[in-house]
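Secondary and tertiary structure notes
So the chains spell out like this:
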Amino acid sequence: MNKKTSLIEKSEKSIKENAKVKIRDLNLYYSDNHALHDINMDLYVNKITALIGPSGCGKSTFLRCLNRMNDLIRNVRIEGEVFIDEKNIYDKDVDEVAVRKRVGMVFQQPNPFPKSIYENVAYAPLKHGIVRKGHECDVLVEKSLVQAGLWNEVKDKLKEPGTSLSGGQQQRLCIARTIAVEPDVILMDEPTSALDPISTEKIEALMLELKEKYSIIIVTHNMQQAGRVADYTAFFHLGDLIEYDETETIFINPAKKKTEDYITGRYG
Amino acid sequence: MNKLKNTSDNPFYDPGLRKRHAQAKRFKLFSIASIVFAIAFLVFFLGDMIVKGLPAFQQTYMLVEVTYNEKSINSTRKAIDKKYRRIVSRAWLRDIPAMVENQPELMGTTQMTWVLVNHQIDQYMKGHYYKIKDKILSTVKDKQAKGEIELHFNRNFFTHGDSKIPENSGIKSAIIGSVLTLIVTMLIAFPLGVMTAVYLEEFAEDNRWSQIIEININNLAAIPSILFGLLGLAVFINLFGMPRSSPMVGGLTLALMTLPIIIVSARAALRSVPDSIRQAGYGLGLTKIQVVQDHVLPLAFPGIMTGSIIGLSQAMGETAPLIIIGMIAFIPDSPGSIFQAATVMPAQIFTWAGMPERAYVERTAAGIMVLLSILISLNALAIYLRKKFEVNW
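By convention here, each chain's residues receive numbers from 1 onward along its written sequence. Lettering for chains starts from A, numbering for ligands starts from 1, and both go in the order in which the items are written. Under the rules for a predicted model, residues below a pLDDT of 70 receive no local features and side-chain atom pairs below 80 are neither given nor counted, while totals for whole chains, interfaces and linings still include all residues.

1. Comments concerning the overall build of chain A
Applicable threshold: Only DSSP runs of H or I with at least four residues qualify as helices, and only runs of E with at least two residues qualify as strands; both kinds are numbered from the N terminus onward. In this scheme the burial state of a residue depends on its C-beta neighbours within 10 Å: 20 or more other such atoms mean buried, 12 or fewer mean exposed, and anything in between means partly exposed; the C-beta positions come from the backbone. Our contact criterion uses C-beta atoms placed from the backbone: two residues qualify when those atoms are within 7 Å.
The secondary structure content of chain A amounts to eleven helices and ten strands. Considered along the principal axes of its C-alpha atoms, chain A spans approximately 55 × 45 × 45 Å. Burial statistics for chain A: of 268 residues in total, 45% are counted as buried. Taking all contacts inside chain A whose residues are at least 6 apart in sequence as the whole, residues at least 24 apart take part in 69%.

And the structure:
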């Protein structure tokens, strides 16, 4: 059902931008440490949103709120609401595992499973019952690897371990693995910070392709990267959302002094 | 090396350099000395064992005429010529009726057969200390000159259980007892230990409860093993009424002892699985059980195996708790099930070490050699498994 509504939303995209994810009064505490303060934000369908800010500003923490990964950390308390397709994922009747199927995640360090390339992609869809073993699964694996721009490089060695690939390839494998679960939203936590410039370029090109189908939220330390790929950019500082606007506005004409200082490198 | 001089044109001169070098050299020397010392001990120990134990793998046999008839079955001594009666082993004579029963065609015949001889004569043949009457000794020397008394491979050592007749005793029942005991130990300790480790490492909250459990597990690993024997006696034998001296009780007792080793090593193995793998799993919407079962456990498997096999070999060499539960008994026949009385290899070695006859000295050493070679094979297996299933990153 949710899938249908999201399709409808996508068709309405031309009319106006839809908020795929709505964050309302989000507060997060690590024990007594108040790490995120009253975040309010709308993240749009088929757009790339970049989260920037100095280290420790809470942008990764914020990202992990969107698929309830913070539930895995002890002593974390979250207040507020995160609506995905108008449903608050922090409602009592929501299964956090199901949330993570709809909101995929790519991590800073490429972390393929120490299994074959094929199994890396096929494992989760098989477990979720999206496809059955055999031809159906082969098709999905190929489709996902093609989408991640990795198919031509690995089609002859699907049985080899995923860890045998280069760093950039591993990261694209992780993206393929995430796409294979057919999420609506993809979260990327500094996906290129461990990669060389050429791999980074490939991943960025990939993101621009993927946004046609998914809503992408990316945390990055690389301001140029945000400038290159993001439609929207949010600047975080010490757990506050300082400014959130279209990327161009943030970089050329920021409204807040702090944002300007950070962008121009005068900060800190 | 060039002489270091305090010259004004050397800005890198350090007045303490010579002292520092001497210190480093001393340190290195001490380390090497301790290694040499340790190796010397090991070589001495192994060498002594092998020199003492090797003779036990050979046993003296004598070619002699044996008469199989009614008389010799009723009174087995009479199967052999009077001259040789004191030379032949009592154990061999005792088996004559059984031999005839197995091979009825022997009945009524006289055959030249290689016959097991008395342990004193065996010791004489091996050049050890012996106590033989002069008359018998001259008979033996006669036979020796004719080449009718010689050392053969000692099959009895591997096909017989313990015996009060030294030349007839073997380690078979102890090996079988050890195997049965260890099967029970592994069947109980491995799943319990791994599941405990998985719970503590992957599921348990870090609260007072789990801390208490953790401390207790670590303490359990440090308890003197004989106390486990007392526990086994009190619980398994007295409370549950299991048969004493049985591999079942021994296995359970050793399982208690092995459990902490397996838990600690399995936890270390689980902890060494990088968290990024778990994160990757959760990020794909996998449940905790899927992540642990399909991604974490396979990666931890080599480490868990290594720890378990080391725990197993430790259990294999354990004697003290088994003495308490009666597995030190004299067991001539191999146990057929885990509920029959049995003994284990280290207990057998202990028994033999306390025997007065010289023949048992070499058997003690040979028993140690068998035990050590099994332990070394187990450790080699652990290394092999670790290498085989190790995942390269």
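2. Side note on the sheet that holds strand 5 (residues 87–88) of chain A
Residue and element names in this part refer to chain A. Let me state the cut-off plainly: In this scheme, strands are said to pair when DSSP sees at least two bridges between them.
Across the sheet, four strands lie side by side as 2-1-4-5; this open sheet has antiparallel pairing. The open sheet is flanked by strand 2 (33–44) and strand 5, the only strands paired with a single partner. Where strand 1 (residues 19–30) meets strand 2, eight bridges bridge the pair, whose relative direction is antiparallel. The residue bridging Tyr29 from the neighbouring strand is His34, located in strand 2.

3. Considerations on helix 10 (residues 225–239) of chain B
Residue and element names in this part refer to chain B. The criterion, for reference: Take the number of residues in a helix, subtract one, and multiply by 1.5 Å to get its expected span. At every residue, the bend is computed as the angle between two fitted axes, covering the seven residues ending there and the seven beginning there respectively.
Taking 1.5 Å of rise per residue, 15 residues should cover 21 Å, and helix 10 covers 20 Å from first to last C-alpha, within 8% of that figure. At Gly232, helix 10 is deflected by roughly 30°, the largest bend along its length. Looking at helix 10, one finds that the buried residues are Phe228, Gly229, Gly232, Phe236 and Ile237. Where the residues of helix 10 are buried, they touch helix 11 (247–271) and helix 14 (320–324).

4. Let's talk about the packing of helix 13 (residues 288–316) of chain B against helix 16 (residues 359–389) of chain B
Residue and element names in this part refer to chain B. Formally: Axes here mean lines fitted to C-alpha atoms, for a helix over just the part in contact, with angles spanning 0 to 180 degrees between N-to-C directions. Should an angle fall under 35 degrees it is taken as roughly parallel, and over 145 as roughly antiparallel, whereas 65 to 115 is taken as roughly perpendicular and any remaining angle as oblique. Polar here means any residue other than Ala, Val, Leu, Ile, Met, Phe, Trp, Tyr, Cys and Pro, which are nonpolar, and Asp, Glu, Lys and Arg, which are charged; Gly is therefore polar.
Put simply, helix 13 and helix 16 touch, their axes get as near as 8 Å, and they point 175° apart. Looking at the two axes, helix 13 sits roughly antiparallel to helix 16. Contact residues: Phe301, Pro302, Met305, Thr306, Ile309, Ile310, Leu312, Ser313 and Met316 in helix 13; Leu375, Leu378, Asn379, Leu381, Ala382, Leu385, Arg386 and Phe389 in helix 16. Along the lines of polarity and charge, the residues of the contact of helix 13 with helix 16 split into 13 nonpolar, three polar and one charged.

5. Thoughts on the domain arrangement of chain B
Going by this rule: Domain delimitation follows an automatic or database domain assignment.
Domain annotation for chain B reports domain 1 (17–54), domain 2 (57–159) and domain 3 (172–389). Looking at side-chain class alone, the side of domain 2 of chain B that touches domain 3 of chain B contains four nonpolar, four polar and one charged residues.

6. Comments concerning the packing of helix 4 (residues 117–128) of chain A against helix 5 (residues 135–147) of chain A
Residues and elements named next belong to chain A. Put simply, the test is: Here a crossing is called left-handed whenever its near helix is offset anticlockwise from the far helix by less than a right angle, and right-handed whenever the offset is clockwise.
Running from N to C, helix 4 and helix 5 cross one another at 120°; their axes reach a closest spacing of 10 Å. When you trace helix 4 past helix 5, the crossing you get is right-handed. Where helix 4 abuts helix 5, its residues Tyr118, Val121, Ala122, Pro125 and Leu126 lie against Cys137, Leu140, Val141, Ser144 and Leu145. For the contact of helix 4 with helix 5, the per-class residue count stands at nine nonpolar, one polar and no charged.

7. Here's the deal with the interface of chain B and chain A
Each side of the interface is counted separately: chain B has 17 residues, and chain A has 21 residues. Those elements giving two or more residues to the side of chain B that touches chain A turn out to be helix 12 (275–283) and helix 13 of chain B. When its residues are assigned to classes, the side of chain B that touches chain A shows eight nonpolar, eight polar and one charged.

8. Focus: the sheet that holds strand 2 (residues 110–116) of chain B
Backbone hydrogen bonds hold the strands of a sheet together, and the pairing may be parallel or antiparallel. Residue and element names in this part refer to chain B. With respect to topology, three strands assemble into an open sheet ordered 2-1-3, the strand pairing being antiparallel. Each edge of the open sheet is held by one strand with a lone partner, namely strand 2 and strand 3 (149–153). With direction set aside, neighbouring strand axes in the sheet form an average angle of 40°.

9. Brief notes about helix 4 of chain A
Residues and elements named next belong to chain A. Buried residues of helix 4: Ile117, Asn120, Val121, Ala122, Tyr123, Ala124 and Pro125, and no others. Check the buried side of helix 4 and you find it contacts helix 5, helix 6 (151–154) and helix 7 (167–180). A positive phi of about 75° marks Gly129, the residue just after helix 4.

10. Description of the environment of B:Leu375
Residues and elements named next belong to chain B. Mapped onto the elements, Leu375 comes out in helix 16. Distance from Leu375 to Gly317, taken between C-alpha atoms, is 8.3 Å for residues 58 residues apart in sequence. Among all residues touching Leu375, those that are not within four sequence positions of it are Ser313, Met316 and Gly317.

11. Let's talk about the pairing of strand 4 (residues 76–84) of chain A
Residues and elements named next belong to chain A. By the bridge criterion, eight bridges tie strand 1 to strand 4 in an arrangement that is antiparallel. Residue pairing across strands places Val21 opposite Ile84, the latter belonging to strand 4. Taken together, the two bridges between strand 4 and strand 5 define a ladder with antiparallel strand orientation. Counterpart to Ile84 in the pairing with strand 5 is Lys87. As consecutive antiparallel partners, strand 4 and strand 5 are separated by two residues, and within that stretch Asp85 has a phi angle of approximately 50°, a positive value.

12. Description of the environment of B:Ala347
Residue and element names in this part refer to chain B. With respect to the helices and strands, the residue Ala347 is situated in helix 15 (residues 345–353). On the basis of neighbour counts, which here come to 24 C-beta atoms within 10 Å, the residue Ala347 falls in the buried class. With 212 residues separating them along the chain, Ala347 and Lys135 place their C-alpha atoms 39 Å apart. Setting aside its immediate chain neighbours within four residues, Ala347 contacts Thr319, Leu322, Ile323, Met327 and Ile328.

13. Quick notes on unusual backbone geometry
Despite not being glycine, A:Asp25 shows a phi value in the positive range, around 50°. One can find A:Asp25 in strand 1. Overall, A:Asp25 belongs to the exposed group, with 11 C-beta atoms counted inside 10 Å. The backbone of B:Ser245 sits at a positive phi, close to 65°, despite the residue not being glycine. Tracing the backbone through its elements, the reader meets B:Ser245 in the loop between helix 10 and helix 11. A count of 21 C-beta atoms within 10 Å places B:Ser245 in the buried class.

14. Some words on the pairing of strand 8 (residues 215–219) of chain A
Residue and element names in this part refer to chain A. Counted residue by residue, strand 8 has five buried out of five residues, so it is predominantly covered. Here strand 3 (residues 48–52) pairs with strand 8 via four bridges, running parallel. By the bridge assignment for strand 8, Ala50 is matched with Ile218.

15. Examining the environment of B:Val184
All names here are of chain B. Secondary-structure assignment places Val184 in helix 8 (residues 172–203). Residue Val184 is classed as buried on the basis of its 21 C-beta neighbours within 10 Å. Those residues in contact with Val184 that lie beyond four places of it in its chain are Pro247, Met248, Gly251, Leu252 and Ile338.

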